[in-house]
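One-letter residues, chain by chain:
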Amino acid sequence: MRLALARTAARALHVLPWRARVAAVLAAMRAMAWQARKADGACLCTACGTRLGGFIADYGAAPASRLLGIAGTANNPRLYGGAVRQSCPVCLEAERTRFLLWTLAKEGVLDGAPIDLLVCSGGPALLHRLRAHRVVSANYARTLFADTACDLRAAPFADGTFDVVICAYVLSYIDDDAAALREIFRVLRPGGVAWVVVPQDLSLATAEEGAHLPAEARLEKFGNACHMRLYGMDFDRVLAAHGFRVETLVPEALVPPAEIVRLGLQPQDRLYRCMKP
C-alpha cells in the first residue's frame, strides 16, 4: 500500500519544476531506505551524502528501485575484472558516478562559481549535487528528472553553449556514438570539459560492437540488452580523435586505499576528463 501511494505521489510530481521534482524524489528515496542509513556507518555515498553500513551489489533490490520502477541488472563479469558492483542503497548511484562527484569536489566544481552545465541522463542525487549551477538536465525523452528532450546525435543546443558536459552511462545506448561525441564537442565552449563514463572491459583492446545483434545476445555479451557496445582500453584514443585533450582518471592512482573502501569505489575504474582546446 505504501509503495502504491509513493508511486502515485511520484507521478503527481510531474507538475512541479524539475529541480523541485529532483529534491522531492531524493527525499523520498532517503525515507524509503531508512534501514540502510547509519549515523556511524563505515561507508559514505558521495552522491547523496548518506552514511551507510555498506553498499549493495544489486540496486534493483533497493526500495527506491521499486518506487521508480527500475529493474536491477545482473553483475557483468567483463566489467571491473569481474568485481561485484557497489551501488548506493539510498540513491542507487553506481561507483563511477560517485568517483565523478569525488573528482568534481576535489577540483572545486561543485562549490565553484555557477557555470552552464549539461547533464545527460542524470539521476536525482547527481543533479541535486549540481544544483548551484545553471543545469540543463537532458534525456532522449523528457523524464521525471530531465526537463529537456535531447537526441545526443543531434543536440538541440547552439555551438559553445556549455562550460561542462556530463555524459555518464549514455554512449553505450547510442547506435552512432561518434555523432554523439561530435555533438558534445560542438556544444562545449573552448576550454570546456566533458566528463565521460562508459561501460568498459579492461581486457578488451577496442570496442566490441553489437548494434547488429538481437537484444538477447546483447544482454549476454554486454550485461544489458539495450547496450550497443562494450568499450575497450582504446577509448581515450577514440575521444582524442574527436578533438578532445583527454585525461584518464583511475581511483587507485588518486584515492587512498582506505577511502576507496569507505566510498565503495572500484580501484581499476576509468573516468575520462575531456577538454575542448
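For the structure, check the block above.
Conventions and cut-offs
- Residues numbered from 1 in each chain as written.
- Predicted model: local features only at pLDDT ≥ 70, side-chain atom pairs only at ≥ 80, totals over all residues.
- Heavy atoms only, no water.
- Core = buried A, V, L, I, M, F, W, Y, C linked by side-chain atoms within 4.5 Å.
- Buried < 20%, exposed > 50% of the residue type's maximum accessible area, 1.4 Å probe, protein only.
- Contact = heavy atoms within 4.5 Å.
- Pairing = 2+ DSSP bridges.
- Helix = DSSP H or I, 4+ residues; strand = E, 2+ residues; numbered from the N terminus.
- Axes fitted to C-alpha atoms, helices over the stretch in contact; angles between N-to-C directions.
- Salt bridge = Lys/Arg side-chain N within 4 Å of Asp/Glu carboxyl O.
- Expected span 1.5 Å × (residues − 1).
- Arc of directions from axis to C-beta.
- Right-handed = clockwise from strand over helix to strand, strands pointing away.
- Phe/Tyr/Trp six-rings, centres within 6.5 Å; stacked < 30°, edge-to-face > 60°.
- Lys NZ or Arg CZ within 6 Å of the ring centre and 35° of its normal.

K.L.:
Just give me the short version of the nonpolar core, but keep the residues and values in it.
P.N.:
Core analysis: the biggest nonpolar cluster contains 50 residues, and Cys91, Leu104, Leu130, Ile166 and Trp195 have the highest contact counts within it. In this structure, leucine 130 is in contact with Leu104, Leu110, Leu117, Val119, Val135 and Ile166, ignoring residues within four places of it in sequence.

K.L.:
If you had to explain the sheet that holds strand E4 (residues 134–139) to someone new, which residues and values would you point to?
P.N.:
Two orientations exist for strands paired in a sheet by backbone hydrogen bonds: parallel and antiparallel. If you trace the seven strands from one edge of the open sheet to the other, you get E5-E4-E3-E6-E7-E11-E10, paired in mixed fashion. Strands with a single pairing partner mark the edges of an open sheet, and in this sheet they are strand E5 (148–149) and strand E10 (245–249). Summarising the sheet, strand E6 (residues 162–168) and strand E7 (residues 188–197) pair through six bridges and their orientation is parallel. Looking across to E7, one finds that valine 165 is bridged to alanine 194. Relative to E7, helix H4 (residues 95–106) is tilted by about 145°, and along the sheet it contacts E6, E7, E10 and strand E11 (271–275).

K.L.:
Give me the pattern of salt bridges: which residues, what numbers.
P.N.:
What the rule picks out here adds up to twelve salt bridges. Between arginine 134 and aspartate 116 there is a salt bridge, with the nearest N and O atoms lying 2.8 Å from each other. A residue pair is termed long-range when its members are at least 10 positions apart, and arginine 134 in strand E4 and aspartate 116 in strand E3 (residues 116–120) qualify at 18 residues. The partly exposed category is assigned to arginine 134, whose relative accessible area is 43%.

K.L.:
Can you lay out helix H2 (residues 18–32) for me, pointing to particular residues and giving the numbers?
P.N.:
Residues that lie three or four places apart on an α-helix share one face, since the helix turns once every 3.6 residues. Between its first and last C-alpha atoms H2 spans 21 Å; for 15 residues at 1.5 Å apiece the expected length is 21 Å, and the two agree. Considered for burial, the residues of H2 that qualify are Trp18, Arg21, Val22, Val25, Leu26 and Met29. Taken down its axis, H2 places every buried residue within 125° of arc, on the same side. Buried residues in H2 make contact with helix H3 (63–68), helix H5 (124–129) and E4.

K.L.:
A description of helix H6 (residues 177–187) should follow, citing residues and the corresponding values.
P.N.:
Along H6, the positions that sit buried rather than exposed are Asp177, Ala179, Ala180, Leu181, Glu183, Ile184 and Val187. Elements that come into contact with the buried residues of H6 comprise E6, E7, strand E9 (229–230) and helix H8 (235–240).

K.L.:
Tell me about the pairing of E3, residues and numbers included.
P.N.:
Among the five residues of E3, five are classified as buried, and the element is accordingly described as predominantly covered. The alternating pattern of E3 places Asp116, Leu118 and Cys120 on one face and Leu117 and Val119 on the opposite face, and all of these are buried. In this view, the connection linking E3 to its parallel neighbour E4 by way of H5 has right-handed handedness. Pairing of E3 with E6, which is carried by four bridges, proceeds in the parallel orientation. Within the sheet, the bridge partner assigned to leucine 117 lies in E6 and is valine 164.

K.L.:
Quick rundown of the pairing of E7? Include the residues and the values.
P.N.:
Across the ten residues of E7, seven count as buried, placing the element largely inside the fold. Each parallel crossover has a hand, and for E6 linked through H6 to E7 it is right-handed. Sheet topology places E7 next to E11; four bridges connect them, and they run antiparallel. Residue pairing for E11: tryptophan 195 is matched across the bridge by arginine 273.

K.L.:
An account of the side chain of histidine 133 is requested, with residue identities and associated values reported.
P.N.:
Structurally, histidine 133 can be placed in the loop between H5 and E4. Those residues in contact with histidine 133, other than ones at most four positions away along the chain, are Arg19, Val109, Leu110, Gly112, Ala113, Pro114, Ile115 and Leu117.

K.L.:
Tell me about the packing of aromatic side chains, and please be specific about residues and values.
P.N.:
Across all of its chains, the model carries five aromatic pairs by this definition. Between the aromatic rings of phenylalanine 99 and tryptophan 102, the centroid separation amounts to 6.0 Å while the plane-to-plane angle is 20°, which identifies the pairing as stacked. Placement of both phenylalanine 99 and tryptophan 102 in helix H4 is noted, with a separation of three residues, approximately one turn of the helix. Both residues of the pair, phenylalanine 99 and tryptophan 102, belong to the buried class. In this structure an aromatic cluster arises from ring pairing among Tyr231, Phe235 and Tyr272. The residue whose ring lies beneath arginine 98 is phenylalanine 55, and the NZ or CZ to ring-centre distance is 4.1 Å. Positioned above the aromatic ring of phenylalanine 185, the side-chain terminus of lysine 276 is 4.9 Å from the ring centre.

K.L.:
Report on unusual backbone geometry, specifying residues and quantitative values.
P.N.:
In this model, serine 121 sits at a positive phi of 60°, which is unusual for a non-glycine residue. With respect to the helices and strands, serine 121 occurs in the loop between E3 and H5. Within the chain, tyrosine 169 stands out as a residue other than glycine whose phi angle is a positive 65°. One can find tyrosine 169 in the loop between E6 and H6. When its relative accessible area of 23% is taken as the criterion, tyrosine 169 is described as partly exposed.

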